[in-house]
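Per-entry structural report
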Amino acid sequence: MLYAAEVCDFERLNAMFFPVQSLGFLLAGLGIVAMLCWKQGKTAAYAVAVPAVYSGTFLFVGLMVLGLGGMMAGLGVIAVRMKKKGVSVLFAVAFLCCLSMGYLSSRDFTQAYMNWMAEGINVVGQGALLLGVLALHKAGLARER
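Below is a short write-up of the structure. (Residues numbered from 1 in each chain as written. Predicted model: local features only at pLDDT ≥ 70, side-chain atom pairs only at ≥ 80, totals over all residues. Heavy atoms only, no water.)

Here we look at the overall build of the protein chain
Worth spelling out the cut-off: Note on conventions: DSSP H or I runs of at least 4 residues are helices, E runs of at least 2 residues are strands, and numbering of each starts at the N terminus. Any residue under 20% of the maximum accessible area for its type is buried, any over 50% is exposed, and the rest in between are partly exposed; the area is computed with a 1.4 Å probe on protein chains only. Two residues qualify as a contact provided that any one of their heavy atoms is within 4.5 Å of a heavy atom in the partner residue. Accessible surface area values rest on a Shrake-Rupley calculation with a 1.4 Å probe, where residue burial reflects the displayed protein chains alone.
Secondary structure summary: the protein chain contains 5 helices and 0 strands in total. Seen in sequence order, the protein chain has helices and strands lined up from the N terminus as α-α-α-α-α. Split into buried and exposed, the 145 residues of the protein chain put 23% on the buried side. By sequence separation, contacts in the protein chain at least 24 residues apart represent 72% of the contacts at least 6 residues apart. With an accessible surface of roughly 10400 Å², the protein chain has 68% of that area assigned to carbon and sulfur atoms.

Quick look at the state of the cysteines
Rule in force here: Cysteine sulfur pairs qualify as disulfides if the two atoms are within 2.5 Å.
In the structure shown here, the tally under the stated rule is 0 disulfides. With no disulfide of its own, cysteine 97 lies closest to cysteine 98 among cysteine sulfurs, the gap being 7.1 Å. Residue cysteine 97 is classed as buried on the basis of its relative accessible area, which comes to 13%.

Points about unusual backbone geometry
At lysine 83, a position not held by glycine, the phi torsion is positive, near 60°. Inspection of the secondary structure puts lysine 83 in the loop between α2 (58–81) and α3 (85–104).

A few points about a nonpolar patch on the surface
Formally: Within this analysis, patches are made of residues with over 30% relative accessible area and no salt bridge. Like charges are joined at 9 Å or less; nonpolar side chains (Val, Leu, Ile, Met, Phe, Trp, Tyr) at 5 Å or less. We define a salt bridge as a contact between a side-chain nitrogen of Lys or Arg and a carboxyl oxygen of Asp or Glu at a distance within 4 Å.
Taken together, the side chains of Val61, Val65, Leu96 and Leu99 make up a nonpolar region of the molecular surface, amounting to roughly 310 Å² of accessible area. Listed by contribution, the elements that provide at least two residues to the nonpolar patch are α2 and α3. Note on placement: valine 65 falls in helix α2. Since its relative accessible area comes to 36%, valine 65 is described here as partly exposed.

Quick notes on the side chain of serine 22
Looking at the element boundaries, serine 22 is found in helix α1 (residues 10–37). When residues no more than four places from it in sequence are discounted, the contact partners of serine 22 are Phe60, Leu63 and Met64.

Details of the packing of α3 against helix α4 (residues 112–138)
Heads up, the rule is: Angles here are taken between N-to-C directions and fall from 0 to 180 degrees, while the axes themselves are lines fitted to C-alpha atoms, restricted in helices to the stretch in contact. Here the word oblique covers every angle except those under 35 degrees (roughly parallel), over 145 (roughly antiparallel) and from 65 to 115 (roughly perpendicular). The crossing is said to be left-handed when, going from far helix to near helix, the turn is anticlockwise and less than a right angle, and right-handed when the turn is clockwise. Amino acid classes used here: Ala, Val, Leu, Ile, Met, Phe, Trp, Tyr, Cys and Pro are nonpolar; Asp, Glu, Lys and Arg are charged; the rest, including Gly, are polar.
Here α3 crosses α4 at 155°, and the two axes come no closer than 8 Å. Between α3 and α4, the angle is such that the two are roughly antiparallel. The handedness of the crossing between α3 and α4 comes out as left-handed. Counted by class, the contact of α3 with α4 contains 20 nonpolar, 5 polar and no charged residues.

Some details on the environment of leucine 36
By secondary structure assignment, the location of leucine 36 is in helix α1. Separated by 38 residues in sequence, leucine 36 and glycine 74 have C-alpha atoms that sit 7.0 Å apart.

Overview of the nonpolar core
As a reminder of what qualifies: Residues grouped as a nonpolar core are buried Ala, Val, Leu, Ile, Met, Phe, Trp, Tyr and Cys residues, joined through side-chain atoms within 4.5 Å.
Counting 14 residues, the largest nonpolar core has Met72, Ile78, Phe91 and Leu136 as the members making the most contacts within it. Put simply, the parts of the chain that give this core at least two residues each are α1, α2, α3 and α4. Here the element with the most residues in this core is α2; it accounts for 6 residues.

Here it is, written out as C-alpha cells:
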C-alpha cells in the first residue's frame, strides 16, 4: 500500500527486508533462550539496539539460523521439561523445514514446480510449529510460567 501510494521506495524496502528479518529471528531466539535461562519478572523491560545495516548476506544468514535454532531448541527444551518429548520432534521438523526454505530461496523460482515445492515445505514446517505450540498450550504451558 505504501508503494502504491508513492510513500516509499520498494527497492529500499526490499533491500532492508532480509537484514530486518534475520535480526527478528535472532531476537526471537534470544527471547526464548532467555525465558529458559532466567526467571522472568512481571515488569521486566529490555532495550535492544539494532546494528547498522550491512550489505552482505552471510552475517544475516548466520543470525537467522542462530535465532531460529534458539527458538526451536528452546521450545524443544520446554517440551522435554513438560514431559512431552514427542512434541520436541515437531520443533526439530519445523527447524529443518525452515532451513530447507532458506536453501530453496537461493534457487531459480522461474519454474512452477519450485514454487510448489517451497510452499509445500513451508506448510509442513509451519504446521509442525503450530502443532507443537498447540500441544504445549494444551499441556498447560501458560500455567507453567
